[in-house]
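# Analysis of the macromolecular model
Chain by chain, the residues:
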Amino acid sequence: MAAVANMPVSDLLKSFKLKTKQQELLIRVSILCLVYILAFITRLFSVLRYESMIHEFDPYFNYRTTLYLTQNGFYDFWNWFDYESWYPLGRIVGGTLYPGLMVTAALIYRILHFLRFAVHIREVCVLTAPFFASNTTLVAYFFGKEIWDTGAGLVAAILIAVCPGYISRSVAGSYDNEGVAIFALLFTFYLFVKAVNTGSLAWSLASAFGYFYMVSAWGGYVFIINLIPLYVLVLLITGRYSMRLYVAYNCMYVLGMLLAMQIRFVGFQHVQSGEHMAAMGVFFLMQVFYFLDWVKHMLSDTKLFQAFLRITVTCAVAVGTIALGLGMLSGYISPWTGRFYSLLDPTYAKDHIPIIASVSEHQPTAWSSFMFDFHILLFLFPAGLYFCFKRLSDATIFIVMYGLTSMYFAGVMVRLILVATPAVCLISAIAVSATVKNLTVLLRSKNKGVQTGSTKGSSSSKASSKALLDQSQPFQKNGAIALLFGAFYLLSKYATHCTWVTSEAYSSPSIVLAARGAHGSRVIFDDYREAYFWLRQNTPPDAKVMSWWDYGYQITAMGNRTVIVDNNTWNNTHIATVGRAMSSYEDEAIEIMRSLDVDYVLVVFGGVTGYSSDDINKFLWMVRIGGGVFPVIKEPDYLVNGEYRVDKGAAPKMLNCLMYKLCYYRFGEMLTEYGKPPGYDRARGVEIGNKDIKLEHLEEAFTTSNWIVRIYKVKPPNNRW
Amino acid sequence: MAISRYVLLVVFTIAMLASTAMSDPILTKVDRHVENPGPLIMSEVLLAFPELQAKNLAYLMASSHETKGKPKGSVVSLPIKAVNLDERPSAVTFYSVLLPKEVAAGESFTLDVLAVFTHALRPVPEHITQVDIQLVLYRDSVYYLSPYEVKVQSLTVKLPDSKIESYTKLESTKVHGSEIKYGPYENLPPFSLSPITFHFESNLPFAVAQELVREIEISHWGNVQVTEHYKLIHGGAKSKGEFSRRDFQARPNDRGASAFSFLVAHLPARARSVYYRDLIGNISTSHLRVDSRKTELMVEPRYPMLGGWRTAFTIGYGLPLQDFLYESEENRFLNMTFGSPMIELVIDTLIVKVVLPEGSSGILAAAPFPIKQWQETKISHLDIGGRPVVVLEKTNVVPEHNQYFQVYYKFSGLSMLREPLMLISGFLLFFAACIGYMHADTSISKSSASYLAKQQWEEVQVLIQKVQNVINRCLAMHDNLEASLRDLSRTGDVQACKAARKSADGLLKELSKEMKPLLTSLQAYSSAAQILPKVEELVAKERELQEKVMLKHSTAVEGYERKSGARDIDHRVALLQQKITALKQEVDDLLQFIDDI
């Protein structure tokens, strides 16, 4: 019966029989489509677990500006002076941000509305990062195809689609610059490599535009503008200079530079800042190379050419050095910024810029987080490097350099794992693809032999062919099968690990906290939004809120109130002033607060819930940053024998500073845990040292239900008659 | 109309429920016993309210008291209209109630009047701390303001609590717990007034929605989506000083007693996909209780509402269309309640927007009380011109306004298909554009070397495809021959087998003829130089295979004709068979190779 039914089907298949190439194309396209969808939906955990909301800190600023852009139009956005932050200084928003992300989201929003899909801008913002992650998988495919083959491209697309290192910054709701910037970064690299491989002006023009998009999206463009010259330099040194390279680099650099200058935040940095000088140096070097090539072509005498070469190179280097020196001395070329230094030297920030060092994502990376974010890619990466070196070409040299440099930066700063992820995925993909290909080639050659023997040959020929195969490759087939299974096992482990990490670690919006209750039920702490919404509804619209800078963006975006400092840490002194107020005694602090027109003070306190990233745990950074500008504040005053404590043994200054008082006001009466004395701080596991806190100039205005956010009102000065 | 002409004897019993479960409104229930002493027949009764009260009057209903035997639900309200009287001072507002039957001289008639006032309770003191209790002040007149002479009148004031700070003491005042009774008073002249005030404790929630926008969107695919945007304020005494969470958590009953922390919305039965959120996201503190008769949603604002605090939120739910929409052919009407599902809420401004599907016409809205209405359009998913929206606006809305209103419109069922068709045609266009792009030649220079080479290569590929076709047909022929051999061994029909060979032979010859021009034209292309040797090899191998198959066939047939044994034939054919297998393999490989290019 089944055979009868199968007959017409097989006939049908025969008539529709696709050529091998078409079959391959079909499989490839369907795999790519599936990967595209997978990359999108694996990032939706946060929406399913929580809701469609913006995550963390910076995305709230991006969301607020996008909202402004869609409501007021591009020119208003470009000229926006924001009075609501950095009171009383304000912030020129249009000139101090990378507009790529907002413009992209606004454009998607406009297009959807043009097509009559009446979506809310928030949904667009929430889904921008997953959408671009999906696009990145496509770019990874094409990049892999360019540097190795289609197989490697496919594997790269799959690896990058679920790689936790990338997912950490591109889950739904993580509406941050990195979301589109990684796409732009990889796209620019891909286009540049394509340009180098083909020598085509069109591709290098495209890469210039890709670079422009990258510059408009993220400050990480500095990585591109330094990596590409470095790559070109390496090619020059290894004698791989070619006309293709000349065309690709010059077009990309000149046009990319001109385009990048259109971004107000970047401006003339390409010709004025030390970080961009390497690109310019290589540009001039390239011209010298071209000139020399031409002279070599004209001169037939090698001796004469050698002499000429020596003179020209010396002159070029001397002129370059003098120009650079003069530029530096005259101040035309700015020296490297602290951020750049801290990238090259992991210890720099700790000693010189506490504000950079205070951010947890700027810490040097621990080994565990490499393992967490890369999993098997960490082992595949060196294997991929081996394959790259085995088949050295312009493209593989690029990916090797990209991989190695970004791995170094990933080691310096946790957040730069993100930049390394595409390179790691691509190189690992080469390893996987090359290995699997070799193994399957072995298997296939053998299978064919066996097949012919068993189906068509008579018994004698079957035996002979089998003997022949066994003779030439003993145990190879079994070995290959075992290795293949091993590879698939590893890859499936990778897939499960990635899904687990995404669902457990990277899908929390961090604005809503979730914990397991006593009966295993999920408890939600929505205190942040409770407080911000209270601020929005129940304070005067022009109220100024002082808090540590971490919460600045959220207060302006969700609370719609003016803040003193926010996450755009452009003015260290201002932040230090807030740090100083927080670490002074109340009557000293009130002077500072009055001078800043502060109406409300907001602190985050985890003592009741055991939430550890609260202001008491961040307090030492406030002291350090405050002390960096105002020497009145001294870190040792807050420590006891170099130890930071909040219990009875704490330093007296600590027990009476504003931050301590605001966090622990009336906490001494509170029973937090059964069997513990009142005033037991669950975040630090100690009983607090000062239970009798009186406030003189401030009063409790609002405390959220789990005490995570506490807001105090600055009382007006007392009547003097 | 002149009132003074009538000498009306009215007996009043006023029961006043000062803010029962309500937040702010005052309910006044008046039983009026109207007697017409003549000489005229009376058909309407005038109700008078002082300006102070008239401003706060939210709802007024009069019903005949005669329906005593009937169940309570079937009270028929009498038509009421506002009237302007020239002769009386403007400080008094009149409403006239049309009586169901004319009251002749000497007859009497009993009338129930229900009036609801909002914002009549004033918190005194206006600002309280968290520790203080909330006190409110109410002013009224002990005599019911009436244009008629009043025979007997008494007043009962019901306060929410027996804790009364102060009240106006008159000679005939009796206090029973939370009830204060005045009267009875007899033979009062028209428009007699005597102010009284009550100052009492009230910790009932004073939830006031300053604005409520209800959007009711009808989808003929089976859903009525209701979205309600609330702007809420605690209308009681404003809180001042500290708000201590510690005190509020430890002793909620006497620290922040006037605060309210939740509201209950009574949604219609079968409400689904209920949500509760605000501007910055979902609010997780809500509970939904569902049973077969009703859906009860308890919403908790993000923070407890202390006096003067504000909040804003949105609740939304879907309702099954068939419960609310009635239709006959193209005429349809929606029948829904007007007010908010939260029954403890006073609404200052209520805007109800009914969004009808795109393409509706003949829109008409009807409500049981006077409201302002106009029309707008709203652009939503996949709309071209936008959906018609009926907007109804009413100020001072109390739960008594939760009555049904109707929106009548015409809508053709075919219009429902518009949006799916639009989507389908959109995708169709997209795919057509893709196909068009794939087939279009977008190269700029038609004479460039690379373009020509590409074109040539395509031609070569077409030729190779043809060659492959021919070879495949040849191979199919071989299979036929093999099959005929198998038939032979089964049936022994030598003639049929020979015929098969003959026809195969002819066809194969034709095919080789077909092959020749293909090969020669392939030779003409320079770009085919690489692949040509392989193709030629393929053709040669195929020919060899063909010969061998023929040979095998003839040998086998011959053997049959000679009646030699099967074993003998097998033996003779075996060598040939081996060669054929090898050749077939080679041909397959070559085909595969050419295919891969």
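Reading the values: the criteria
Residues numbered from 1 in each chain as written. Chains lettered and ligands numbered in written order. Predicted model: local features only at pLDDT ≥ 70, side-chain atom pairs only at ≥ 80, totals over all residues. Heavy atoms only, no water. Helix = DSSP H or I, 4+ residues; strand = E, 2+ residues; numbered from the N terminus. Rg over C-alpha atoms; globule rule 2.2 N^0.38 Å. Buried < 20%, exposed > 50% of the residue type's maximum accessible area, 1.4 Å probe, protein only. Contact = heavy atoms within 4.5 Å. Areas by Shrake-Rupley, 256 points an atom, 1.4 Å probe, with all protein chains shown as cover. Lys, Arg positive; Asp, Glu negative; His and termini not counted. Charge placed at Lys NZ, Arg CZ, Asp CG, Glu CD. Buried area = accessible area lost by both parts, 1.4 Å probe. Salt bridge = Lys/Arg side-chain N within 4 Å of Asp/Glu carboxyl O. Polar contact = N/O pair within 3.5 Å; in protein donor to acceptor, adjacent residues only side chain to side chain. Pairing = 2+ DSSP bridges. Axes fitted to C-alpha atoms, helices over the stretch in contact; angles between N-to-C directions. Patch = residues over 30% accessible without salt bridge, like charges linked within 9 Å, V, L, I, M, F, W, Y side chains within 5 Å. Parallel < 35°, antiparallel > 145°, perpendicular 65-115°, else oblique. Left-handed = near helix turned anticlockwise from the far one by under 90°. Nonpolar A, V, L, I, M, F, W, Y, C, P; charged D, E, K, R; others polar. Expected span 1.5 Å × (residues − 1). UniProt positions renumbered as here; feature names shortened; annotations may be inferred. pLDDT = per-residue confidence, 0-100.

On to the overall build of chain B, then. Along the backbone of chain B there are seven helices and 31 strands. Compactness check: chain B gives a C-alpha radius of gyration of 47 Å against a globular reference of 25 Å for 597 residues, more than 25% above the reference. If one aligns the C-alpha atoms of chain B with their principal axes, the spans along those axes are about 145 × 60 × 60 Å. Burial statistics for chain B: of 597 residues in total, 46% are counted as buried. Within chain B, residue pairs in contact and separated by at least 24 positions form 76% of the contacts whose partners lie at least 6 positions apart. Working note: accessible area of chain B is about 29800 Å², and carbon and sulfur atoms make up 55% of it. In chain B, the 65 positive side-chain charges and the 68 negative ones have mean positions that sit 3 Å from each other.

With 40 residues of chain B in contact, the opposing surface of chain A contributes 36 residues. In total, about 3500 Å² of surface goes out of reach between chain B and chain A, with carbon and sulfur atoms giving 47% of it. It is Arg 245, Arg 246 and Ile 280 of chain B in chain B that bury the most area against chain A; as a group they hold 19% of the surface buried on that side. The interface formed by chain B and chain A includes four salt bridges. The tally of links between chain B and chain A comes to 21 residue pairs in polar contact (both at pLDDT 80 or more). When contributions to the side of chain B that touches chain A are tallied by element, the ones reaching two or more residues are α2 (245–250), β20 (272–278), β21 (281–282), β24 (310–320), α4 (449–491) and α7 (566–596) of chain B. The leading source of residues in the side of chain B that touches chain A is α7 of chain B, at eight residues.

All names here are of chain B. Spatially, three strands are ordered β3-β6-β5 in an open sheet, and the strand pairing comes out antiparallel. For this open sheet the edge positions go to β3 (42–50) and β5 (80–83), each flanked by a neighbour on one side alone. Across the sheet, the mean angle from the axis of one strand to that of its neighbour is 30°, orientation sign disregarded. Bridge count between β3 and strand β6 (residues 92–103): eight bridges; the pairing is antiparallel. Each residue of the ladder has a partner; that of Phe 49, found in β6, is Thr 93.

Attention now goes to a nonpolar patch on the surface. All names here are of chain A. Residues Leu 205, Phe 209, Val 254, Leu 255 and Leu 258 make up a contiguous nonpolar surface patch of roughly 380 Å² in combined accessible area. Elements supplying a minimum of two residues to the nonpolar patch: α11 (201–217) and α13 (243–260). In terms of residue count, α13 provides more of the nonpolar patch than any other element does, three residues in total. Here Leu 255 is to be found in helix α13. Classification of Leu 255 as partly exposed rests on a relative accessible area of 30%.

Residue and element names in this part refer to chain A. Relative to each other, helix α10 (residues 177–198) and α11 sit at 160°, their axes nearing to 8 Å. Comparing the axis directions of α10 and α11 gives the class roughly antiparallel. In this structure, α10 crosses over α11, and the sense of that crossing is left-handed. Where α10 abuts α11, its residues Asn 177, Val 180, Ala 181, Phe 183, Ala 184, Leu 185, Thr 188, Leu 191, Phe 192, Lys 194, Ala 195 and Thr 198 lie against Trp 203, Ser 204, Ala 206, Ser 207, Gly 210, Tyr 211, Tyr 213, Met 214 and Ala 217. Residue classes in the contact of α10 with α11 are distributed as 14 nonpolar, six polar and one charged.

Residue and element names in this part refer to chain A. Inspection of the secondary structure puts Glu 24 in helix α2 (residues 20–41). On the basis of relative accessible area, Glu 24 is assigned to the partly exposed category, the value being 36%. For the pair Glu 24 and Asn 656, spaced 632 residues apart in the sequence, the C-alpha separation amounts to 72 Å.

Residues and elements named next belong to chain A. End to end, helix α15 (residues 277–298) covers 32 Å across 22 residues, agreeing with the expected 32 Å (1.5 Å per residue, within 8%). Along α15, the residues that are buried comprise Met 277, Ala 279, Met 280, Val 282, Phe 283, Met 286, Val 288, Leu 292 and Val 295. Residues of α15 that are buried sit in contact with α12 (221–237), α13, α14 (269–272) and α16 (302–330).

Below, the discussion takes up the UniProt feature "domain: STT3/PglB/AglB core" (unreviewed entry) in chain A. This chain's UniProt record puts "domain: STT3/PglB/AglB core" (unreviewed entry) on residues 544–602 of chain A. Structurally, residues 544–602 of chain A is divided into 51% helix and 14% strand, and its ends, taken at the C-alpha atoms, are 10 Å apart.

This next bit is on the confidence of the model for chain B. Confidence in the prediction of chain B, expressed as mean pLDDT, is 82, and 90% of residues score 70 or more. The ipTM value of the predicted complex is 0.85, and its pTM value is 0.87.

Turning our eyes to something else, we now look at the confidence of the model for chain A. All names here are of chain A. Mean pLDDT over chain A works out to 89, with 93% of the residues at or above the 70 mark. In the model, residues 1–7 has pLDDT below 50 throughout and makes zero contacts with residues more than four positions away in sequence or in other chains. Residue range residues 448–471 is modelled with pLDDT below 50. Its contacts to residues more than four positions away, or to other chains, number 15 contacts.

With that out of the way, let us pick up the sheet that holds strand β7 (residues 600–604) of chain A. Residue and element names in this part refer to chain A. Across the sheet, five strands lie side by side as β6-β5-β7-β11-β10; this open sheet has mixed pairing. Only two strands of the sheet have a single neighbouring strand rather than two, namely β6 (562–563) and β10 (698–703). Taken together, the five bridges between β7 and strand β11 (residues 709–714) define a ladder with antiparallel strand orientation. Within the sheet, the bridge partner assigned to Tyr 600 lies in β11 and is Lys 713.

With that settled, the discussion passes to the pattern of salt bridges. For side chains of opposite charge, pairing can occur when their charged atoms come near one another. Taken as a whole and judged by the stated rule, the model has 49 salt bridges over all chains. One salt bridge connects Glu 586 of chain A with Lys 661 of chain A, and the closest N-O pair in it is separated by 3.2 Å. You can see Glu 586 of chain A sitting in helix α29 (residues 586–595) and its partner Lys 661 of chain A sitting in helix α32 (residues 658–664), a full 75 residues away along the chain. Each of the two residues, Glu 586 of chain A as well as Lys 661 of chain A, counts as buried. Here Asp 291 of chain B makes a salt bridge to Lys 294 of chain B, at a shortest N to O gap of 3.6 Å. Its relative accessible area of 36% is what places Asp 291 of chain B among the partly exposed residues. Take Lys 294 of chain B: its relative accessible area is 32%, and that puts it in the partly exposed class. In this structure, a network of salt bridges that share partners links the residues Glu 215, Glu 217, Lys 378, Asp 383, Arg 387 and Glu 419 of chain B.

With that out of the way, let us pick up the environment of Ser 340 of chain B. Residues and elements named next belong to chain B. Here Ser 340 lies in the loop between β26 (331–337) and β27 (346–355). Not counting residues up to four positions away in its chain, the partners in contact with Ser 340 are Leu 212, Tyr 230, Leu 345, Ile 347 and Asn 402. Of note is the side chain of Ser 340, whose polar atom sits 2.9 Å from the backbone nitrogen of Met 342.

What follows concerns the UniProt feature "domain: Oligosaccharyl transferase STT3 N-terminal" (unreviewed entry) in chain A. Mapped onto the present numbering, the UniProt feature "domain: Oligosaccharyl transferase STT3 N-terminal" (unreviewed entry) falls at residues 29–427 of chain A. The straight-line gap between the two end C-alpha atoms of residues 29–427 of chain A is 22 Å; of that span, 74% is helix and 1% is strand.

Once that is clear, we can look at the pairing of β27 of chain B. Residue and element names in this part refer to chain B. Of all the 10 residues making up β27, seven are buried; the element is thus mostly covered by neighbouring parts of the structure. With nine bridges connecting them, strand β16 (residues 207–219) and β27 associate as parallel partners. When the sheet's bridge partners are listed, Ile 216 is paired in β27 with Val 354. Direction of pairing for β27 relative to strand β30 (residues 387–397): antiparallel, over a ladder of eight bridges. Within β30, the position partnered with Ile 351 by the bridge is Glu 393.

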